[in-house]
Amino acid sequence: MKFGTKAIHAGANPDPSTGAIMTPIFQTSTYVQEAPGVNKGYGYGRGQNPTRDALQENIAALENGKHALCFSSGMAATDAVLRMLKPGDEVITGDDIYGGSYRLFVNMYEPMGIKFHFVDLTDAENIQPHITTNTKMIWVETPTNPTMQIVDIAACAEIAKAKDLLFVVDNTFASPYLQNPLDLGADIVMHSATKYLGGHSDVIMGALICNRDELFKKLYFILNSCGSNPGPMDSFLVMRGIKTLHLRMERHCFNGRKVAEYLKNHPKIDIVYWPGFPDHKNHEVAKRQMRDFGGMVSIVLKDKSIENTFKVASSFQVFSLAESLGGVESLINHPATMTHGSVPKEDRERVGVVDNMLRLSVGVEDYEDLIADLENALKELN
Ligand SMILES: *Cc1c(COP(=O)(O)O)cnc(C)c1O
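Predicted model only: the values in this text are computed from it and were never measured.

### Here we look at the site of the ligand
Near the ligand there are 14 residues, and of these Gly 74, Asp 170, Ser 192, Thr 194 and Lys 195 occur at the shortest range. The separation between a nitrogen atom of the ligand and a polar side-chain atom of Asp 170 is 2.7 Å. At a separation of 2.8 Å, an oxygen atom of the ligand approaches a polar side-chain atom of Ser 192. Contact with the protein chains covers 94% of the free accessible surface of the ligand, which is 380 Å². Elements with a minimum of two residues in the shell around the ligand: helix 3 (74-82) and strand 6 (188-192). Taken together, the residues that form the shell around the ligand break down as six nonpolar, five polar and three charged.

Okay, here's the thing in structure tokens:
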């Protein structure tokens, strides 16, 4: 089956008791047993829920994976992966990963004795010098947030395979519509389903997808032991959102291109970060591993003042100033104080997250209105 058909049908079987075409919201904490231990495969709601099962089957299909597990948030999914590590283990990851992942790594896992190497992964060659006998995992995000750098997934997979390292890709920014890391050699794909998968800014959820049975069993054991499961209503919402993922992504990509090209020629803009530009450092890699370039665009204003940047950020009519991304509505974000507020100033500035940067999550409105809104907001600058 092709992508759009899977988005609508995978995991979505008519309810056997009524024929309901939509998977019911099984709002239950437990399941009646005929005799102790004799049940229909469902014991307790933390471990299993039919609405969640349907969603997991759907997400696995979208990522061309065998197994998927859903979590109460993207961070809970990330946390579940890190719980497989022990003190002394080392992880190699990007130097501009999502701020919340950075916070989890540095503030929760470093004190427990796990070491993280934050490396510029836009060249996979940079991984090798950091590999020690204790290295266990490579954690990659691509495109990165907010500078839209591209990491070569297949090249990282090759290094991970050669050294027997677990290779994890946070695929939130691309969504499975644009990129399928398992096909390129990843062991685990992670999603913040809060973003493009859910797509309507109405739910928080995370997901992990993998092919190997023993990996799935370990992750399921962690989910069930730690209780990081999502609720049935949230599972329903994400499944409903996914039914239009392919349609939304088509428009996100179209609008993203229009907005990026408009901004590239704007006299008050210094830099536009968008992987679709032929002069983007890893444009060729992006073309190879992604089907299109997505709806995330970041800009750096020529005006360096944070006050003026705030003025622009606060003067939009169609874009809303908010954290998050991937919903139908366009959002604008000030990474330095919002999504990356927990990353130290020197660290974020080194990777280009400066005070005069703004990140746009281009929604699926009519692009003419988005461009008019940008034009108007940028008039705040002299
Ligand atoms: C939002 C996000 C996360 C965290 O997901 P939550 O659902 O907010 O917990 C992780 N990685 C990336 C790239 C994100 O954008």
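Having put the structure on the table, let's press on.
### A closer look at the sheet that holds strand 2 (residues 90-94)
The seven strands are arranged 1-7-6-5-4-2-3 in an open sheet whose pairing can be described as mixed. In this open sheet, the two edge strands, each paired with only one partner strand, are strand 1 (67-71) and strand 3 (115-119). Across the sheet, the mean angle from the axis of one strand to that of its neighbour is 20 degrees, orientation sign disregarded. Direction of pairing for strand 6 relative to strand 7 (residues 206-210): antiparallel, over a ladder of five bridges. Each bridged residue has a counterpart across the sheet, and for Met 190 the counterpart in strand 7 is Leu 208.

### Notes on the domain arrangement of the protein chain
Domain annotation for the protein chain reports domain 1 (3-242) and domain 2 (245-378). Here the C-alpha centroids of domain 1 and domain 2 sit 25 Å apart. Taken together, the contact pairs 44 residues of domain 1 with 43 residues of domain 2. Both faces combined, the contact of domain 1 with domain 2 buries some 3500 Å², and carbon together with sulfur accounts for 59% of it. Three residues stand out in domain 1 for area buried against domain 2, namely Tyr 177, Leu 178 and Tyr 196, and they jointly supply 23% of the buried area on that side. Seen at the junction of domain 1 and domain 2, the total is one salt bridge. For Arg 288, the salt bridge is made with Asp 152, and the minimal N-O distance between the two is 2.9 Å. Where domain 1 packs against domain 2, one counts 21 residue pairs in polar contact (both at pLDDT 80 or more). Going through the elements one at a time, helix 1 (3-9), helix 4 (99-109), helix 5 (153-162), helix 6 (175-178) and helix 8 (232-242) are the ones with two or more residues in the side of domain 1 that touches domain 2.

### Side note on unusual backbone geometry
Working note: non-glycine residues mostly have negative phi, and peptide bonds are mostly trans. Backbone torsion omega between Thr 142 and Pro 143 reads -5 degrees, so that peptide bond is classified as cis. Residue position: Pro 143 is located in the loop between strand 4 (135-141) and helix 5. At the junction of Asn 145 and Pro 146, the peptide bond is cis and its omega measures out at 5 degrees in the coordinates. Looking at the secondary structure, you find Pro 146 in the loop between strand 4 and helix 5. One non-glycine residue, Ser 175, lies in the positive phi region at around 70 degrees. On the secondary structure map, Ser 175 appears in helix 6. Given a relative accessible area of 0%, Ser 175 falls into the buried group. Of note, Ser 201 is a non-glycine position whose phi angle comes to about 50 degrees, a positive value. Of note, Ser 201 is situated in the loop between strand 6 and strand 7.

### Side note on the packing of helix 3 against helix 4
For the pair helix 3 and helix 4, the least separation of the axes is 11 Å and the interaxial angle reads 45 degrees. Considering the angle they form, helix 3 stands oblique to helix 4. Helix 4 is crossed by helix 3, and the crossing has right-handed handedness. Note on element contacts: helix 4 touches helix 3 through Gly 100, Ser 101, Leu 104, Phe 105 and Tyr 109, opposite Met 75, Thr 78, Asp 79 and Leu 82. Across the contact of helix 3 with helix 4, the residue classes tally to five nonpolar, three polar and one charged.

### Some thoughts on the nonpolar core
Core analysis: the biggest nonpolar cluster contains 86 residues, and Ile 59, Phe 167 and Leu 263 have the highest contact counts within it. With seven residues, helix 9 (residues 245-264) is the largest single contributor of residues to this core. Each of domain 1 (3-242) and domain 2 (245-378) accounts for three or more of the residues forming this core. With residues up to four places along the chain from it excluded, the contact list for Ile 59 reads Ala 68, Cys 70, Leu 197, Ala 207, Ile 209 and Ile 242.

What counts and how
Residues numbered from 1 in each chain as written. Predicted model: local features only at pLDDT ≥ 70, side-chain atom pairs only at ≥ 80, totals over all residues. Heavy atoms only, no water. Near = heavy atom within 4 Å. Polar contact = N/O pair within 3.5 Å; in protein donor to acceptor, adjacent residues only side chain to side chain. Areas by Shrake-Rupley, 256 points an atom, 1.4 Å probe, with all protein chains shown as cover. Helix = DSSP H or I, 4+ residues; strand = E, 2+ residues; numbered from the N terminus. Nonpolar A, V, L, I, M, F, W, Y, C, P; charged D, E, K, R; others polar. Pairing = 2+ DSSP bridges. Axes fitted to C-alpha atoms, helices over the stretch in contact; angles between N-to-C directions. Domains from an automatic or database assignment. Contact = heavy atoms within 4.5 Å. Buried area = accessible area lost by both parts, 1.4 Å probe. Salt bridge = Lys/Arg side-chain N within 4 Å of Asp/Glu carboxyl O. Buried < 20%, exposed > 50% of the residue type's maximum accessible area, 1.4 Å probe, protein only. Parallel < 35°, antiparallel > 145°, perpendicular 65-115°, else oblique. Left-handed = near helix turned anticlockwise from the far one by under 90°. Core = buried A, V, L, I, M, F, W, Y, C linked by side-chain atoms within 4.5 Å.

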